[in-house]
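Structural features, examined
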Amino acid sequence: MILKVNRFLKENNLINDLKRYKSKLAYSFIIGLILGSLPFIYKVKESFRVQKLIQEQRQKQNENKEKICKGYNSDYEKFLSLGFPKTAIEKFNICMKEQ
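Residues numbered from 1 in each chain as written. Predicted model: local features only at pLDDT ≥ 70, side-chain atom pairs only at ≥ 80, totals over all residues. Heavy atoms only, no water.

**What to know about the overall build of the protein chain**
Secondary structure summary: the protein chain contains five helices and zero strands in total. Listing the helices and strands of the protein chain from first to last along the sequence gives α-α-α-α-α. Within the protein chain, the proportion of its 99 residues that are buried is 7%. For the protein chain, the accessible surface area stands at approximately 9,300 Å², while carbon and sulfur atoms represent 61% of it. (Helix = DSSP H or I, 4+ residues; strand = E, 2+ residues; numbered from the N terminus. Buried < 20%, exposed > 50% of the residue type's maximum accessible area, 1.4 Å probe, protein only. Areas by Shrake-Rupley, 256 points an atom, 1.4 Å probe, with all protein chains shown as cover.)

**Re the nonpolar core**
Membership of the largest hydrophobic core is limited to five residues, which are Cys 69, Tyr 76, Ala 88, Phe 92 and Cys 95. Ranked by the residues each element gives to this core, the list is headed by helix H5 (residues 85-98), at three residues. Apart from residues no more than four positions distant in its own chain, Phe 92 is found in contact with Glu 66, Cys 69, Lys 70 and Tyr 76. (Core = buried A, V, L, I, M, F, W, Y, C linked by side-chain atoms within 4.5 Å. Contact = heavy atoms within 4.5 Å.)

**Quick look at the pattern of salt bridges**
The final tally for this structure, using the stated rule, is two salt bridges. The partner of Glu 66 in a salt bridge is Lys 70, with the nearest N and O atoms 3.7 Å apart. Here the residue Glu 66 and the residue Lys 70 both occupy positions in helix H3 (residues 22-70), the gap between them amounting to four residues, near one helical turn. Residue classification places Glu 66 among the partly exposed positions, given a relative accessible area of 36%. Under the relative-accessibility criterion, Lys 70 is labelled partly exposed at 34%. (Salt bridge = Lys/Arg side-chain N within 4 Å of Asp/Glu carboxyl O.)

**Describing the state of the cysteines**
Across all of its chains, the model carries one disulfide by this definition. Paired by a disulfide, Cys 69 and Cys 95 hold their sulfur atoms 2.0 Å apart. Given an S-S torsion of about -80°, the disulfide between Cys 69 and Cys 95 has left-handed geometry. Residue Cys 69 is located in helix H3, and its partner Cys 95 is located in helix H5; the two are separated by 26 residues in the primary sequence. Residue Cys 69 is classed as buried on the basis of its relative accessible area, which comes to 2%. (Disulfide = S-S within 2.5 Å.)

**Concerning the packing of aromatic side chains**
One pass over the structure, following the stated rule, counts one aromatic pair. In this structure, Lys 70 is placed above the aromatic ring of Phe 92, and the distance from its NZ or CZ to the ring centre is 5.0 Å. (Phe/Tyr/Trp six-rings, centres within 6.5 Å; stacked < 30°, edge-to-face > 60°. Lys NZ or Arg CZ within 6 Å of the ring centre and 35° of its normal.)

**Some remarks on the packing of helix H4 (residues 75-82) against H5**
Interhelical geometry of H4 versus H5 gives an angle of 175° and a closest axis separation of 8 Å. As judged from the angle between their axes, H4 and H5 are roughly antiparallel. Residues Asp 75, Tyr 76, Phe 79 and Leu 80 of H4 form the contact with H5, whose own contacting residues are Pro 85, Thr 87, Ala 88, Ile 89, Lys 91 and Phe 92. A per-class count over the contact of H4 with H5 returns seven nonpolar, one polar and two charged. (Axes fitted to C-alpha atoms, helices over the stretch in contact; angles between N-to-C directions. Parallel < 35°, antiparallel > 145°, perpendicular 65-115°, else oblique. Nonpolar A, V, L, I, M, F, W, Y, C, P; charged D, E, K, R; others polar.)

**What to know about unusual backbone geometry**
Residues other than glycine seldom take positive phi values, yet Asn 73 does so here, at roughly 70°. Within the element layout of this structure, Asn 73 appears in the loop between H3 and H4. Take Asn 73: its relative accessible area is 57%, and that puts it in the exposed class.

What follows is the structure, given as structure tokens:
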């Protein structure tokens, strides 16, 4: 059986062709691998972009909370102006947790 396969390969010069076109086969394989992975790369890139947008949105929300909690007429501002910095920080932390 194996002798028949070897004889068939020798007759059709497949082994010689494989040796001769080894680099072309490797390049074709690499190109196929790259083309096959493009959809995956696109999905990863899109997911990364969405995560970045979500992170930016959370950061803006935290900045807005901080502005509200430290803003004019807030408990933080009142206690800080009265000279109670520790209480002001506690009120600020409570405000940040609530919103």
